[in-house]
Amino acid sequence: MKKITSILTLFYIIPFALLVLALLFYSTIKSEYFEIGLENEIPTVVYDNPTLHIIIFIVFLATLLCFSKIINFPFFKSIKKYLTSKYFRYTLVIYSGIISLTLLLLLKSNAYMDCLALIDTANRFNSGDWSPLTDASHSSYLYIYSFQIGFIAYLQLIFKLFGENNIWAVQFINCIGVMFLINALCKITDLVFKNTKISVLSKLLLALIMPLYINIVFVYGDVLGWSFAICGIYHVLNYCHNNNYKELILSSILFAFGYLLKTNIAIFIIAAIIIIFLNAFRQKKHLSLIFIIIIPFITILSSAILKNTYANIAGIEQYPKGTPAVCWIAMAMIEDDNFPEGWYNGYNLNTFKESGYDYEIAQDMAISTIKERLQYFSENPRAMVRFYRNKLIFSWIDPEFDSQIKLEWSTRHVEDLSPLALSLIYGTGRNILFTVMNELQFTIFAGILAELLYIMISIMKKKKENIKHYMYMSYIILPIFGGMLFHLIWETQPRYMIGYYSMLFPIAAAGLVHMVSAISKIKQKSARK
């Protein structure tokens, strides 16, 4: 059974490796960023310097090689002990909180765009105004985007506890969410790889994941949704390690909360279900299969209870369905001269309006669009390949993952910003951040490919310890690969990738460590000759 489950993982590991190879290639020659002063998220694509990428990467590997040597000197014994202890993880978690909080205090960010509609709806509900649900015109933000009810309920709670329109409290809690997310990633690294070098390098790389830290200014469900989802994945992996069903119960609760705040984390839930399924047959723990039902049941039940509660309070028969899901699929298939392939272009909103906010009519209109696009793709296969290639690339080759445009938009009307804040948003600091994130992204993609190659070689050599390690690593890859596929079908944008991107770091760290180890062995063999 173990061989069968290992073979099953290849059905997603191999295409995942091909996707990462494509991303490494395109991120080597191109980068994407947003100009200052934009009103819409329209990226600019520029050509990178591949030679510079490779030189910096070689210097980075050489630095790692030197560090791995000198850290063993007696003089550095106490430093090595600290880096390999749990206290280094605590330091990183605290550091992530401090960086996030510093950005929050430095930037004095405001809410903007969709965030304003969410805040307004939460304030209306807190004041007893239920018109976003009862308005006969059905044109309210919540009626159109009804899936946002979980985040609106969360905003209501925050505003009741900390004051109306207190977005600072929301952003501060985002900082806490980042800390939990980083802690979960560190624990996942330790659990899966059980290698102190990989653990240390993963932590050092995570210290540089600025798109995540910057994202705390965004008054949305992204950060907390990812935090709940990745913590949930950690507990599923921990169950695979210790067979304690409490881990699966806890993950069920975490996924339910995460889904209420960010429905896209359904990808993590599906990944968790597949992990439980594979592990049940691999370890012959068939009782755990009941959680394949329990986890989605708790998530769906929580969402249904929340929606029914609001419908009852508002005095309506049924909570609105909102824009049909197929409208997002249709939007993700059409081309728009003003936006990259598959990005938000207003199709779903416009279709819902044209239908008179009628769910069935809008659904039929979207299905017609999907059929038209499928027909076009079947007649023009090269156009289809180009469309989905660009959709993948433009989602991932932005090394800042929309973070810097968030900085600018959230501070556009803020006065008395410090010179440092202005530099981060408009000047030298912005350029430094982009360069660091660009080189970090290249390093992450290269590290992942190195790790996948290392594992494949280990499997061919039938190294049992590495095959077991491969299974756990394949579990981490599941939600990442699922997210890649999902956003090829659904609406996409770089900011949606930050949660998946953060999960790449442990795998990349393992690949980089194994690269350095291989280089060290080659040097030793050369020295002996």
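Above this note sits the structure.
Keep in mind that this is a model prediction, so the values were computed, not measured.

The subject of this paragraph is the overall build of the protein chain. When you go through the protein chain residue by residue, the secondary structure sums to 24 helices and two strands. Relative to a compact globule of 529 residues, whose C-alpha radius of gyration would be 24 Å, the protein chain shows 24 Å and is just as compact. Judged by the C-alpha coordinates and their principal axes, the protein chain covers about 85 × 60 × 55 Å. Partitioning the contacts of the protein chain with sequence separation of at least 6, the portion at a separation of at least 24 is 78%. Here the protein chain contributes 44 positive and 34 negative side-chain charges, whose respective centroids are spaced 23 Å apart.

Another aspect to go through is the nonpolar core. Across soluble globular proteins, nonpolar side chains have a tendency to be buried as a group. In terms of nonpolar packing, the biggest core is built from 177 residues, with Phe16, Ile182 and Trp396 touching the most fellow members. It is helix H9 (residues 167-193) that provides the largest number of residues to this core, a total of 14 residues. If we skip the residues at most four places from it in the chain, phenylalanine 16 touches Ile448, Leu452, Ile477, Ile480, Phe481, Met484 and Leu504.

Next up on the list: a nonpolar patch on the surface. Judged by side-chain polarity, Tyr82, Tyr87, Tyr90, Ile94 and Ile98 come together as a nonpolar surface patch covering roughly 500 Å² of accessible area. A per-element tally of the nonpolar patch places helix H4 (residues 86-107) first, with four residues. In this structure, isoleucine 98 sits in helix H4.

This paragraph deals with the environment of serine 131. Mapped onto the secondary structure, serine 131 falls in helix H6 (residues 131-134). Judged by its relative accessible area of 24%, serine 131 falls in the partly exposed class. Note: C-alpha distance between serine 131 and leucine 289 (158 residues apart in sequence) is 43 Å.

Turning to the pattern of salt bridges, a few remarks are in order. Evaluated as defined, the whole model comprises nine salt bridges. Note that arginine 412 is salt-bridged to glutamate 39, the shortest N-O span being 3.2 Å. One end of the pair, arginine 412, is in the loop between helix H20 (403-411) and helix H21 (419-426); the other, glutamate 39, is in the loop between strand E1 (30-33) and strand E2 (44-47), and 373 residues separate them in sequence. Arginine 412 sits in the partly exposed class, given a relative accessible area of 25%.

Turning next to the side chain of serine 251. By secondary structure assignment, the location of serine 251 is in helix H13 (residues 245-261). Apart from the residues within four sequence positions on either side, serine 251 is in contact with Gly232, His235, Val236 and Ile295.

A separate point is unusual backbone geometry. Positioned with a positive phi, methionine 113 is a non-glycine residue whose angle comes to about 50°. Looking at the secondary structure, you find methionine 113 in the loop between H4 and helix H5 (114-126). Since its relative accessible area comes to 47%, methionine 113 is described here as partly exposed. The backbone of tyrosine 357 sits at a positive phi, close to 60°, despite the residue not being glycine.

A word on the packing of aromatic side chains. As enumerated under the stated definition, the model contains 37 aromatic pairs in all. Centre to centre, the rings of phenylalanine 218 and tyrosine 220 are 4.9 Å apart; their planes meet at 15°, and the pair counts as stacked. Both residues of the pair, phenylalanine 218 and tyrosine 220, count as buried. One aromatic cluster is present, formed by Tyr112, Phe151, Tyr154, Phe218, Tyr220 and Trp409 through successive ring pairs. Stacked on the ring of phenylalanine 387, the Lys or Arg arginine 373 has its end atom at 5.6 Å from the ring centre.

One pass over the full model with this rule turns up zero disulfides. Cysteine 175 provides the cysteine sulfur closest to cysteine 115, a residue in no disulfide bond, and the two sulfurs are 15 Å apart.

Geometrically, a packed helix pair is captured by the angle between its two axes and the distance between the axes. Axis separation between helix H12 (residues 222-242) and H13 bottoms out at 8 Å; the angle between their running directions is 165°. Looking at the two axes, H12 sits roughly antiparallel to H13. Both H12 and H13 take part in a crossing whose hand is left-handed. Of the residues in H13, those in contact with Leu224, Gly225, Phe228, Ala229, Cys231, Gly232, Ile233, His235, Val236, Asn238, Tyr239 and Asn242 of H12 are Tyr245, Glu247, Leu248, Leu250, Ser251, Leu254, Phe255, Phe257, Gly258 and Leu261. Broken down by class, the residue content of the contact of H12 with H13 amounts to 14 nonpolar, seven polar and one charged.

Counted at 1.5 Å a residue, the expected span for H5 with its 13 residues is 18 Å, and the 19 Å between its end C-alpha atoms agrees. Packing partners of the buried residues in H5 comprise H6, helix H7 (141-144), helix H8 (149-162), H9 and helix H15 (291-314). Of the residues one or two after H5, glycine 128 is the one with positive phi, at around 90°.

Moving on, we come to helix H18 (residues 359-379). With 21 residues, H18 ought to run about 30 Å at 1.5 Å a step, and its terminal C-alpha atoms sit 30 Å apart, in line with that. Residues of H18 that are buried include every one of Ala362, Ala366, Thr369, Ile370, Arg373 and Phe377, and no others. When H18 is viewed along its axis, its buried side chains cluster within an angular range of 100° and face the same direction. Looking at H18, the residues exposed on the side facing more than 90 degrees away from the buried face are Lys371, Glu372, Ser378 and Glu379. For H18, the elements touching its buried residues are helix H16 (325-331), helix H17 (347-354) and helix H19 (381-396). Taking the backbone nitrogen of glutamate 360 as reference, a side-chain oxygen 3.1 Å away marks aspartate 358 as the first, capping residue of H18.

Mapped onto the fold, histidine 514 is located in helix H24 (residues 498-528). Those residues in contact with histidine 514 that sit more than four places away from it in its chain are Ile198, Glu451 and Tyr454.

Residue position: leucine 24 is located in helix H1 (residues 2-29). Residue classification places leucine 24 among the buried residues on the basis of a relative accessible area of 15%. Note: C-alpha distance between leucine 24 and isoleucine 448 (424 residues apart in sequence) is 9.6 Å. Once residues lying within four places of it in the same chain are set aside, the contact partners of leucine 24 are Phe442, Phe445, Ala446 and Leu449.

Turning our attention to a positive patch on the surface. A cluster of like positive charges, contributed by Lys69, Lys80, Lys197 and Lys523, occupies part of the molecular surface. Here lysine 80 falls in the partly exposed class, since its relative accessible area comes to 35%.

On to the environment of isoleucine 507, then. Mapped onto the fold, isoleucine 507 is located in helix H24. Classification of isoleucine 507 by relative accessible area gives buried; the value is 0%.

Criteria and cut-off values
Residues numbered from 1 in each chain as written. Predicted model: local features only at pLDDT ≥ 70, side-chain atom pairs only at ≥ 80, totals over all residues. Heavy atoms only, no water. Helix = DSSP H or I, 4+ residues; strand = E, 2+ residues; numbered from the N terminus. Rg over C-alpha atoms; globule rule 2.2 N^0.38 Å. Contact = heavy atoms within 4.5 Å. Lys, Arg positive; Asp, Glu negative; His and termini not counted. Charge placed at Lys NZ, Arg CZ, Asp CG, Glu CD. Core = buried A, V, L, I, M, F, W, Y, C linked by side-chain atoms within 4.5 Å. Buried < 20%, exposed > 50% of the residue type's maximum accessible area, 1.4 Å probe, protein only. Patch = residues over 30% accessible without salt bridge, like charges linked within 9 Å, V, L, I, M, F, W, Y side chains within 5 Å. Areas by Shrake-Rupley, 256 points an atom, 1.4 Å probe, with all protein chains shown as cover. Salt bridge = Lys/Arg side-chain N within 4 Å of Asp/Glu carboxyl O. Phe/Tyr/Trp six-rings, centres within 6.5 Å; stacked < 30°, edge-to-face > 60°. Lys NZ or Arg CZ within 6 Å of the ring centre and 35° of its normal. Disulfide = S-S within 2.5 Å. Axes fitted to C-alpha atoms, helices over the stretch in contact; angles between N-to-C directions. Parallel < 35°, antiparallel > 145°, perpendicular 65-115°, else oblique. Left-handed = near helix turned anticlockwise from the far one by under 90°. Nonpolar A, V, L, I, M, F, W, Y, C, P; charged D, E, K, R; others polar. Expected span 1.5 Å × (residues − 1). Arc of directions from axis to C-beta. Polar contact = N/O pair within 3.5 Å; in protein donor to acceptor, adjacent residues only side chain to side chain.

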